[in-house]
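Coordinate analysis (summary)
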Amino acid sequence: MKEPEPEKKPRIYSYLLIALLVVLLNAFIFPSLNSRSEKEVDYGTFLSLVDKGKIEEVEIQDNYIAFIRKDKSKDTTYKTGVVDDPKLVDRLHEANVKFTKVIPKENSPIMSFILTWVVPILLFIWIGSFLTKRMTRGMGGPGNALSFGKSNAKIYVEAVTGKSFTDVAGQEEAKEALLEIVDYLHNSDKYKAVGAKIPKGVLLVGPPGTGKTLLAKAVAGESKVPFFSISGSEFVEMFVGMGAARVRDLFKQAQEKAPCIVFIDEIDAIGKSRNSGVMGGNDEREQTLNQLLSEMDGFDADKSVVILAATNRPETLDKALLRPGRFDRRIPVELPDLLGREAILAVHAKNVKLGDDVNLHAIAQTTPGASGADLANIINEGALRAVRLGHQQISHNDIEESVEVVIAGYQRKNAVIPMKDKLKIAYHEIGHALVAAKQSHSAPVHKITIIPRTSGSLGYTMQVEQGEQVLMTKEQALDKITTFMGGRAAEEIIFQSVTSGASNDIEQATKIARSMVTRFGMSQEFDMMALETVNNPYLGEDASLLVSSETAAKIDTEILTIIKTCHQKAIQILGENKDKLHELAKYLLEKETITGEEFMAILTKE
Ligand code: ADP
Ligand code: MG
Ligand code: ZN
């Protein structure tokens with residue numbers, strides 16, 4: 001009953017053609033057939049024809065009178081309206097006209113039967129079948145009701161994704177783990193000889209944009225076995241049972257094609273913990289998940305079907321999905337480190353024209369916390385900027401600028417900022433930079449600018465760590481907070497007034513101080529007590545408090561103490577370096593953007 005896909009379109013066209021023909025016949029051909037055999041005359045003419053004896057037969061109907069003339073072709077039926085005329089019968093009798101016999105009229109009975117019965121019925125059958133077909137297809141099933149719920153899983157073969165492991169940079173551990181699986185699919189005998197079983201399910205977890213989907217595509221490109229790819233959301237349907245049917249179908253196809261790989265992207269769409277929903281949860285999703293669980297148990301490990309899945313919300317996944325025998329291998333795909341970032345930049349730089357002055361290592365240093373997707377975007381923004389400026393190649397400046405675009409948005413060239421505000425902004429930024437430079441645990445200043453950006457920032461101070469920072473000491477955390485306080489402190493010292501310009505600094509400083517108290521165990525009061533848990537480590541650090549309201553109040557006091565101490569320290573540092581503050585602010589006001597070297601040169605000059 002299964003119909004091959006490509007036949008569908010021509011069939012729809014042929015249906016349309018038939019419908020069009022019927023309409024055309026009705027509009028042009030049949031009426032002309034009719035008019036050849038039927039003519040209308042008025043009642044007076046009819047009467048005079050009767051009187052003249054020119055009529056052979058008459059048939060009187062409820063609303064018309066039909067007759068045939070003696071003097072004209074018998075094929076033509078004449079018609080006239082019925083008038084309340086009691087003498088008509090007498091007249092006809094007198095004129096010797098036959099009027100009892102039914103005259104065959106209009107078109108042939110077969111034709112009229114076909115037109116009034118057969119054609120409409122066929123039309124309705126056709127419309128009905130067309131609609132059901134549309135609906136079943138909408139539900140995922142090509143063809144008819146019997147194949148209801150077929151999966152849309154696409155079969156990828158090596159050439160289709162066009163990705164290989166060389167396209168994925170930095171994720172060496174993940175690649176290694178996946179290579180083992182590819183190797184197993186090629187040389188399963190080697191593994192069977194030792195009795196080693198390859199994991200059935202492999203879960204790629206990590207923040208968005210770190211290359212999980214890309215890795216899966218690379219596996220498809222490398223493994224040279226059939227690769228089924230489907231997104232978790234494609235299982236979730238309007239009707240209960242459809243998702244489960246798809247899972248069933250997907251695994252049936254996969255087992256037929258073994259050895260092969262099945263990739264389920266964004267698996268959290270179906271794999272959510274079953275007790276997390278409100279009011280009994282979501283039936284459809286649960287059924288889909290149950291089907292997935294039983295399918296994963298259903299095939300043997302030596303069937304050579306490996307299931308890859310990706311998610312950035314592993315903590316929401318159902319425990320049953322994670323137990324041994326299902327997704328028992330977990331491959332973290334973390335944000336890239338310094339070397340990883342450089343490698344990713346290099347991979348994406350291959351596709352563009354880079355100038356000789358570009359230093360990807362320096363770019364990697366200025367982008368801690370950037371994901372692979374961010375870095376790909378940075379390269380592309382740089383290329384766009386080069387084109388905009390009419391250059392043939394991308395320069396280092398283009399890429400540096402695009403880093404800032406990604407961090408802070410585009411420059412607002414036409415923004416009009418009053419001179420007195422510009423002055424305050426310059427002191428504010430130099431305040432940050434000076435405090436950072438005068439502390440021993442701060443990262444060096446890389447760039448200071450007072451050019452406004454579309455993100456709403458009026459200026460910023462960029463600090464760049466030299467190496468990779470994995471741990472943060474308490475001293476570093478405190479120095480960071482003090483640096484954030486530096487902007488406001490400069491305004492207070494120089495202008496004896498404060499502005500709204502420190503709002504972002506305040507927010508960030510408070511975030512660090514809160515984490516120090518609630519999560520890092522860096523306060524006297526709470527020692528190493530856990531006060532907060534992070535809900536979703538991969539999607540922003542939103543955390544929830546685990547404490548009584550009394551403790552919560554104490555936490556706030558503790559945070560406030562940290563911030564106040566740091567604020568005072570910033571004021572003290574700037575007070576001791578007031579001359580440099582003036583000198584640097586004046587220089588920045590003039591130049592609008594200065595580099596870390598320029599800054600240090602003025603600071604260390606005697
Ligand atoms: P996710 O982890 O959210 O699935 P993707 O795999 O979709 O992320 O990555 C998005 C894009 O970011 C990729 O198409 C690629 O251009 C780029 N990218 C991410 N990680 C890397 C990486 N490790 N190496 C090279 N490019 C990467
Ligand atoms: Mg993805
Ligand atoms: Zn600031």
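Given the structure is predicted, the values throughout are model-derived calculations rather than measurements. (Residues numbered from 1 in each chain as written. Chains lettered and ligands numbered in written order. Predicted model: local features only at pLDDT ≥ 70, side-chain atom pairs only at ≥ 80, totals over all residues. Heavy atoms only, no water.)

**With respect to the overall build of the protein**
Formally: Only DSSP runs of H or I with at least four residues qualify as helices, and only runs of E with at least two residues qualify as strands; both kinds are numbered from the N terminus onward. When a residue's accessible area, from a 1.4 Å probe over protein chains only, is under 20% of the maximum for its type it is buried; when over 50% it is exposed; and in between it is partly exposed. Areas reported here follow the Shrake-Rupley algorithm with a probe of radius 1.4 Å; residue values treat only the protein chains shown as occluding.
What the protein contains, in helices and strands, is 22 helices and 15 strands. Burial analysis of the protein (606 residues in total) assigns 43% to the buried set. With the model as given, the accessible surface of the protein reaches about 32600 Å², and the carbon-plus-sulfur share is 56%.

**Things to note about the site of ligand 1**
Our working rule: One heavy atom within 4 Å of a molecule or strand is enough for the residue carrying it to be called near that molecule or strand. Residues are sorted three ways: Asp, Glu, Lys and Arg are charged, Ala, Val, Leu, Ile, Met, Phe, Trp, Tyr, Cys and Pro are nonpolar, and all the rest, Gly among them, are polar. An automatic or database domain assignment supplies the start and end points of every domain.
Within the structure, ligand 1 sits among 16 residues, and Ala169, Gly209, Lys212, Thr213 and His348 are positioned closest to it. Starting from 560 Å² of accessible surface for ligand 1 in isolation, the protein chains cover 79%. Counting only elements with at least two residues in the shell around ligand 1, the list comes to α8 (212-223), α13 (338-349) and α15 (372-388). Considering only residue class, the shell around ligand 1 consists of 7 nonpolar, 7 polar and 2 charged. Each of domain 3 (154-332) and domain 4 (338-407) accounts for three or more of the residues forming the shell around ligand 1.

**A word on the packing of helix α18 (residues 474-495) against helix α20 (residues 549-576)**
Put simply, the rule reads: Helix axes use the C-alpha atoms of the stretch in contact, all axes being lines fitted to C-alpha atoms, and the angles between their N-to-C directions lie in the range 0 to 180 degrees. Angular relationships are summarised with four words: roughly parallel below 35 degrees, roughly antiparallel beyond 145, roughly perpendicular across 65 to 115, and oblique for the angles in between. In this scheme, a crossing is called left-handed if the near helix is turned counterclockwise away from the far one by less than a right angle; it is called right-handed if the turn is clockwise. Only heavy atoms matter for contacts: two residues are in contact if any of them lie within 4.5 Å across the pair.
With their axes 7 Å apart at the nearest point, α18 and α20 run at an angle of 60° to one another. As summarised for this structure, α18 and α20 are arranged oblique, according to the angle between their axes. Crossing angle aside, the handedness with which α18 passes α20 is right-handed. Across from Leu478, Asp479, Ile481, Thr482, Met485, Gly486, Arg488, Ala489, Ala490, Glu492 and Ile493 in α18, the residues of α20 making contact are Ile562, Ile563, Cys566, His567, Lys569, Ala570, Ile571, Leu574 and Gly575.

**Some remarks on unusual backbone geometry**
One non-glycine residue with positive phi stands out, namely Glu266, at about 50°. Along the polypeptide, Glu266 turns up in the loop between β8 (260-265) and α10 (268-271). In this structure, Gln496 is a non-glycine residue whose phi angle is positive, near 50°. With respect to the element layout, Gln496 can be found in the loop between α18 and α19 (503-518). By relative accessible area, Gln496 is classed as exposed at 64%.

**A look at the layout of surface pockets**
Formally: Grid points spaced at 1 Å and placed over the protein atoms alone form the basis of the search, with a cavity being a set where a 1.4 Å probe fits but cannot get out and a pocket an open set showing protein on both sides within 12 Å along at least five of seven lines. Lining residues have an atom within 4 Å of a point. Grid points are joined across faces, edges and corners, and a volume is the space filled by probe spheres set on the points.
Estimated volume of the second largest pocket: approximately 460 Å³. Taken together, 26 residues line the second largest pocket, and the ones lying closest to its centre are Asp167, Gly211, Leu214, His348 and Gly372. At the level of elements, α8, β9 (305-311), α13 and α15 are the ones that each hand at least two residues to the lining of the second largest pocket. Grouping the amino acids of the lining of the second largest pocket by side-chain chemistry returns 9 nonpolar, 11 polar and 6 charged.

**Re the coordination of the zinc ion (ligand 3)**
The cut-off we apply is this: Coordinating N, O and S atoms are those within 2.8 Å of the metal (3.2 Å for Na, K and Ca), and as water is not part of the atoms, a site may appear to have fewer donors than expected.
The protein atoms donating to the zinc ion (ligand 3) are His428 (NE2), His432 (NE2), Asp505 (OD) and Asp505 (OD), with metal-donor distances spanning 2.0 to 2.7 Å. Its relative accessible area of 7% is what places His432 among the buried residues.

**Considering the packing of helix α17 (residues 419-437) against α20**
Look at α17 against α20: their axes get within 10 Å of each other, and the N-to-C directions meet at 95°. Viewed along their axes, α17 and α20 adopt a mutual orientation that is roughly perpendicular. Only Ala570, Ile573 and Leu574 of α20 make contact with α17, whose side of the interface consists of Gly431, Leu434 and Val435. Its residues placed into classes, the contact of α17 with α20 shows 5 nonpolar, 1 polar and no charged.

**Side note on empty space enclosed by the protein**
Here the structure, examined in full by the defined rule, presents 2 cavities of 30 Å³ or more. Quantified by volume, the second largest cavity comes out at close to 30 Å³. Lining of the second largest cavity is provided by Thr366, Glu400, Val403, Glu404, His446, Lys447 and Met462. Of all the secondary-structure elements, those providing two or more residues to the lining of the second largest cavity are α16 (396-408) and β11 (445-449). By residue class, the composition of the lining of the second largest cavity is 2 nonpolar, 2 polar and 3 charged.

**Observations concerning the nonpolar core**
The cut-off we apply is this: Throughout, nonpolar core names a set of buried Ala, Val, Leu, Ile, Met, Phe, Trp, Tyr and Cys residues whose side chains join them through atoms within 4.5 Å.
Counting 44 residues, the largest nonpolar core has Ile430, Ile448, Ile481 and Phe599 as the members making the most contacts within it. Secondary-structure elements contributing two or more residues to this core are α17, β11, α18, α19, α20, α21 (578-591) and α22 (596-604). In this structure Ile448 touches Glu429, Ile430, Ala433, Tyr460, Thr461, Leu588, Glu592, Thr593, Ile594 and Phe599, once residues within four positions along its chain are discounted.

**Let's talk about the side chain of Asp318**
To be explicit about the condition: Nitrogen and oxygen atoms within 3.5 Å of one another constitute a polar contact, given that in protein one can donate a hydrogen and the other can accept it, and given that sequence-neighbouring residues count only through two side-chain atoms.
In this structure, Asp318 sits in the loop between β9 and α12 (319-322). Asp318 sits in the buried class, given a relative accessible area of 6%. From its side chain, Asp318 meets the backbone nitrogen of Ala320 in a polar contact 3.0 Å long. Leave out the neighbours within four places in its chain, and Asp318 touches Gly271, Lys272, Ser273, Arg274 and Leu289.

**Quick word on the pairing of strand β3 (residues 64-69)**
To be explicit about the condition: The pairing criterion is simple: DSSP has to find at least two bridges between the two strands.
Counting buried residues in β3 gives 6 out of 6 residues, a clear majority hidden from the surface. What you see with β3 is no split at all: Tyr64, Ala66 and Ile68 on one side and Ile65, Phe67 and Arg69 on the other are buried throughout. Where strand β2 (residues 55-60) meets β3, 5 bridges bridge the pair, whose relative direction is antiparallel. Looking at the pairing, Ile55 lines up with Arg69 of β3. Count of turn residues in the β2/β3 antiparallel hairpin: 3 residues.

**With respect to the packing of aromatic side chains**
Operational definition: The aromatic pairing rule takes the rings of Phe, Tyr and Trp, using the six-membered ring of Trp, and pairs them if the centres are within 6.5 Å, calling planes under 30 degrees apart stacked, those over 60 edge-to-face and the rest tilted. For a Lys NZ or an Arg CZ to count as sitting over a ring, it must be within 6 Å of the ring centre and within 35 degrees of the ring normal.
Across all of its chains, the model carries 7 aromatic pairs by this definition. Measuring from ring centre to ring centre gives 5.7 Å for Tyr43 and Phe46, while their planes differ by 50°; the resulting arrangement is tilted. Of the two residues, Tyr43 and Phe46 both sit in helix α2 (residues 43-51), 3 residues apart, roughly one turn of that helix. Of the two residues examined, Tyr43 and Phe46, each falls in the buried class. Both rings, one in Phe46 and one in Phe67, keep their centres 4.9 Å apart while their planes meet at 35°; by these two values the pair is tilted. Within this pair, whereas Phe46 is found in helix α2, its partner Phe67 is found in strand β3, the two being separated by 21 residues in sequence. Both residues of the pair, Phe46 and Phe67, belong to the buried class. Three or more aromatic residues link up through ring pairs in this structure, and these residues are Tyr43, Phe46, Phe67 and Tyr78. The ring of Tyr64 is capped by Lys79, whose NZ or CZ atom sits 4.4 Å from the centre of that ring. Above the face of the Phe495 ring, Lys424 is positioned so that its terminal group lies 5.6 Å from the ring centre.

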